[in-house]
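Spelled out, the chains give:
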Amino acid sequence: TANAQWGGRFAGGPSAIMREINVSIGFDKVMWRQDIAGSLAHAAMLAKTGIISAEDEQAIRKGLTEIGHEIEAGTFVFEDALEDIHMNIEARLSERIGEPGKRLHTARSRNDQVATDFRLWVRDAIDGISAQVTALMHSLATRALEYADTVMPGFTHLQTAQPVTFGHHLLAYVEMLSRDHGRLADARKRLNECPLGSAALAGTSFPIDRKMTAAALGFDRPTANSLDAVSDRDFALEYLSALSIMAMHLSRLAEEIVIWCSAPFSFIRLSDAFTTGSSIMPQKRNPDAAELARAKVGRITGALISLLTVMKGLPLAYAKDMQEDKVPVFGATEAIALTLAACDGMVRDLTASKSQMQLFAGSGFSTATDLADWLVRVLKLPFRTAHHVTGRIVALAEAKGVDLSQLSLSDMQSVEPGITADIFSVLSVEASVASRTSEGGTAASNVKQQATSWLKKTAAH
Ligand code: ARG
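Nothing here was measured: the structure is a model prediction, and the numbers come from that model. (Residues numbered from 1 in each chain as written. Predicted model: local features only at pLDDT ≥ 70, side-chain atom pairs only at ≥ 80, totals over all residues. Heavy atoms only, no water.)

### Observations regarding the UniProt feature "domain: Argininosuccinate lyase C-terminal" (unreviewed entry) in the chain
Move 1: Within this structure's numbering, the places UniProt gives as "domain: Argininosuccinate lyase C-terminal" (unreviewed entry) are residues 365-434.
Move 2: Taken end to end, residues 365-434 is 61% helix and 0% strand, and its first and last C-alpha atoms sit 17 Å apart. (UniProt positions renumbered as here; feature names shortened; annotations may be inferred. Helix = DSSP H or I, 4+ residues; strand = E, 2+ residues; numbered from the N terminus.)

### Concerning the layout of surface pockets
Move 1: If you add up the space inside the largest pocket, you get close to 290 Å³.
Move 2: Where the lining of the largest pocket is concerned, the elements lending two or more residues are strand E5 (268-269) and strand E6 (351-352).
Move 3: For the lining of the largest pocket, the per-class residue count stands at 6 nonpolar, 5 polar and 2 charged. (1 Å grid on protein atoms, 1.4 Å probe; cavity = no way out; pocket = protein on both sides within 12 Å on 5 of 7 lines; lining within 4 Å. Points joined across faces, edges and corners; volume = space filled by probe spheres on them. Nonpolar A, V, L, I, M, F, W, Y, C, P; charged D, E, K, R; others polar.)

### Describing the environment of Asp-127
Move 1: The topology assignment puts Asp-127 in helix H7 (residues 110-146).
Move 2: A residue is classified by how much of its surface remains accessible, and Asp-127, at 35% relative accessible area, is partly exposed.
Move 3: Distance in space between the C-alpha atoms of Asp-127 and Leu-184 is 8.6 Å, their sequence separation being 57 residues. (Buried < 20%, exposed > 50% of the residue type's maximum accessible area, 1.4 Å probe, protein only.)

### Comments concerning the side chain of Ser-271
Move 1: In this fold, Ser-271 is placed in the loop between E5 and helix H12 (288-311).
Move 2: For Ser-271, a relative accessible area of 16% puts it in the buried group.
Move 3: Within the structure, the side chain of Ser-271 is placed 2.7 Å from the side chain of Asp-349, a separation counted as a polar contact.
Move 4: Apart from residues no more than four positions distant in its own chain, Ser-271 is found in contact with Arg-285 and Asp-349. (Polar contact = N/O pair within 3.5 Å; in protein donor to acceptor, adjacent residues only side chain to side chain. Contact = heavy atoms within 4.5 Å.)

### Observations concerning the packing of helix H15 (residues 368-379) against helix H16 (residues 383-400)
Move 1: At a closest axis distance of 8 Å, the pairing of H15 and H16 adopts a crossing angle of 135°. With respect to H16, the element H15 is oriented oblique. For H15 against H16, the interelement crossing comes out right-handed. Of H16, the residues touching H15 (which contributes Ala-368, Leu-371, Ala-372, Asp-373, Leu-375 and Val-376) are Phe-383, Ala-386, His-387, Val-389, Thr-390, Ile-393 and Val-394. (Axes fitted to C-alpha atoms, helices over the stretch in contact; angles between N-to-C directions. Parallel < 35°, antiparallel > 145°, perpendicular 65-115°, else oblique. Left-handed = near helix turned anticlockwise from the far one by under 90°.)

### A closer look at the site of the ligand
Move 1: Taken together, the residues surrounding the ligand are Ser-24, Asp-84, His-86, Arg-110, Asn-111, Val-114, Tyr-318, Gln-323 and Lys-326.
Move 2: One nitrogen or oxygen atom from the side chain of Asn-111 is found 2.9 Å from a nitrogen atom belonging to the ligand.
Move 3: For the ligand, an oxygen atom lies 2.5 Å from a polar atom in the side chain of Tyr-318.
Move 4: Calculation on the ligand without its partners gives an accessible area of 340 Å², and the protein chains cover 87% of this total. (Near = heavy atom within 4 Å. Areas by Shrake-Rupley, 256 points an atom, 1.4 Å probe, with all protein chains shown as cover.)

### Focus on a nonpolar patch on the surface
Move 1: Taken together, the side chains of Leu-201, Leu-227 and Leu-316 make up a nonpolar region of the molecular surface, amounting to roughly 270 Å² of accessible area.
Move 2: Inspection of the secondary structure puts Leu-227 in helix H10 (residues 226-231). (Patch = residues over 30% accessible without salt bridge, like charges linked within 9 Å, V, L, I, M, F, W, Y side chains within 5 Å. Salt bridge = Lys/Arg side-chain N within 4 Å of Asp/Glu carboxyl O.)

### Here we look at unusual backbone geometry
Move 1: Ala-317 follows Leu-316 through a cis peptide bond whose omega is 0°.
Move 2: Among the secondary structure elements, Ala-317 is positioned in the loop between H12 and helix H13 (326-349).
Move 3: The backbone phi angle of Leu-158 is positive, close to 55°, even though this residue is not glycine.
Move 4: On the secondary structure map, Leu-158 appears in the loop between strand E1 (151-156) and strand E2 (159-165).
Move 5: Although it is not a glycine, Phe-365 adopts a positive phi angle of roughly 55°.
Move 6: Following the sequence through the fold, Phe-365 ends up in the loop between helix H14 (354-361) and H15.
Move 7: A relative accessible area of 21% means that Phe-365 is categorised as partly exposed.

Next up, the structure:
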């Protein structure tokens, strides 16, 4: 039999395959709250403008509210034959309240309906993910304050470069996440226009009030062009782009956690709550949560590429291709939410080994730059010359198998006669870190100040 909602001009029903490729209720039912909210706003507007009667609007309101309860209670029967969440709810409404239910779709199409529902869903998702990002920033800042003066090796090329503080390293991720948060906020601003009232593609001849529905649904204004409103999904793409960049950042944090807790590094220890054992090797403590957080970026970036590819080359206005917008967005949202939660748990629970970090902070001649800077500051050598002199001192230390601070004064003077015993004051990792007081530098005083300021900014989450 033909579809009850649109079957008027059909003699026969769709084939089983047609149904299967067409149906979206399996995934778009998660938008039921948004769909009901959109319909309530639409019905109220239809009544206010005199397009339907106040009694019809009351019946619709009551019916939709009860349908909401049915869905919440799990008693609502979702029908594949009704394709999607929009027609499932509308059909049920007519079943419950009769004629008024059949008036609800006046001056509306599923095209502006789905565009509205999906924007509402993505807006809610942005709010939820933003709150999680703030929570993770807060956890990172909390640990950064605790480890503000814990010295660790800073790397470039994953080779020991210069000592930094663990607090400074953690705050680097807070900065990245704050930009991720900002990208979501930007996307939300552009998203926040209401497509409802664009109807199928051309607008409607009914005297609707789009400002009223936009305001009722918390949008800043109605969208300006009906064709654009029903046929673009750039709001979802912006959201997925922001999530992809965020997931990339989290994968770097996760990778560092994996490295730091590996036995040869042993910089940190993850809690039992965020590690797993091996079925054969009894000694193992595997950082599976970090590895999965590192991997989720694949799924999330995949979602972005998937939707970009769906949208590429589509002619205006709506095409059914666009039904494929939801699965990537729902999947990426679930993946980022879990990744953020896992990162937050690991960060809150981890313990850092100050002694191990300190030990390796001093390896690999990590204070060579401090030595060169001393030659510039005290002996007034040009930096390029000081760099060369320091390189020869490093070679000497390496040949003798000692650290820079273990060389004797006369060893150093054999390379540069002007060097005095004062040089030793800059060769310790503590002195190196403490001297990096330039704005944004790693000195504990900077880290404490910045961690405190981030803790304040992220407090009300
Ligand atoms: N389920 C559809 C979607 O998600 C709703 C819009 C259907 N519109 C249409 N003209 N068939 O895109």
